[in-house]
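A closer look at the structure
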Amino acid sequence: MLELNPSSRSIPQDLVERYRAVDTSSIGHLTTEGYIRNIKAQTKCSRLLGHVVTVTLHGTDGSALYHALINSRPGDVLVISMPNHAEYACWGELRTIAAMIKGVVGIVTNACVTDIRALQDLPFPVFAKGMSSVTTQKSDLGGKINTPAVIDSQEIHPGDMVIGDEDGLFILSPDQSARLIDPVLEKQAQDERKRLELLAKLAESRR
């Protein structure tokens, strides 16, 4: 049976927008909390920021993804857990196009993706364990949408915030998001000042 709960957004959009200028490495200088270690960007388009919608698949049945997409909202990120079949691809080209039509801004999964050549050509960030030719089926066995899900041994909740780029991926709770934003922006400002200082010294050394 499919368990489908309403979408939850507990992080204000203006706070999410402040993270648009943030690099994941800046967060990683301050904390490892929320860092997803074993999932990497699989596409050239790797900048990801949005609200979490969790999807837990039942076995190798991907039919819950259809319902997740139907009930998604612009700015959502589907965070897809396949607890026992990480070698299967649960995502590919057609689901990506459908997600883009709905305004979904990216996906994260602890399983695999397929159609990688096509995915590389689409402006849609995909973070996954890897790639596979073996795919999920539509068996209507159920699944869970917007319930706590486990990714990389971390419990993810609907309404959390995803931020990802070519360096890695964080999923932050509302409390973490609010607590980190000012220190992270200050860290980036310090790094920018230091970068300009070093570039000036480099230019001087080459004269």
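Parameters at a glance
Residues numbered from 1 in each chain as written. Predicted model: local features only at pLDDT ≥ 70, side-chain atom pairs only at ≥ 80, totals over all residues. Heavy atoms only, no water. Buried < 20%, exposed > 50% of the residue type's maximum accessible area, 1.4 Å probe, protein only. Helix = DSSP H or I, 4+ residues; strand = E, 2+ residues; numbered from the N terminus. Pairing = 2+ DSSP bridges. Salt bridge = Lys/Arg side-chain N within 4 Å of Asp/Glu carboxyl O. Right-handed = clockwise from strand over helix to strand, strands pointing away.

**Quick look at the pairing of strand β13 (residues 161-165)**
- For β13, the buried fraction is high: 5 of the 5 residues fall into the buried class.
- Residues M161, I163 and D165 point to one face of β13 and V162 and G164 to the other, with burial holding for every one of them.
- Two strands pair when backbone bridges link them, and strand β3 (residues 48-57) and β13 are joined in this way by 4 bridges, in the antiparallel orientation. Paired with H51 across the two strands is M161, which belongs to β13.

**Observations regarding the pattern of salt bridges**
- By the definition in use, this model includes 11 salt bridges.
- For D175, the salt bridge identified is with R179, shortest N-O distance 3.2 Å. Of this pair, D175 and R179 both sit in helix α6 (residues 174-205), 4 residues apart, which is roughly one turn of the helix.
- The salt bridge partner of E204 is R207, with a shortest N-O separation of 2.8 Å.
- Relative accessible area serves as the criterion here: at 47%, E204 is assigned to the partly exposed category.
- Here the residues in one salt-bridge network are K194, E197 and K201, joined through shared partners.

**A closer look at unusual backbone geometry**
- Backbone geometry places N146, a non-glycine residue, at a positive phi of 60°.
- Following the sequence through the fold, N146 ends up in the loop between β10 (143-145) and β11 (149-151).
- Even without glycine at this site, S153 takes up a positive phi of about 65°.
- Of note, S153 is situated in the loop between β11 and β12 (154-156).

**Focus on the pairing of strand β4 (residues 76-81)**
- In terms of burial, β4 is a largely internal element, 6 of the 6 residues being buried.
- Neither face of β4 is left uncovered, since the one carrying D76, L78 and I80 and the one carrying V77, V79 and S81 both have all their residues buried.
- Direction of pairing for β3 relative to β4: parallel, over a ladder of 6 bridges. Bridge pairing in β4 links V55 to I80.
- Once you follow β3 into helix α3 (residues 64-70) and on to β4, the crossover reads as right-handed.

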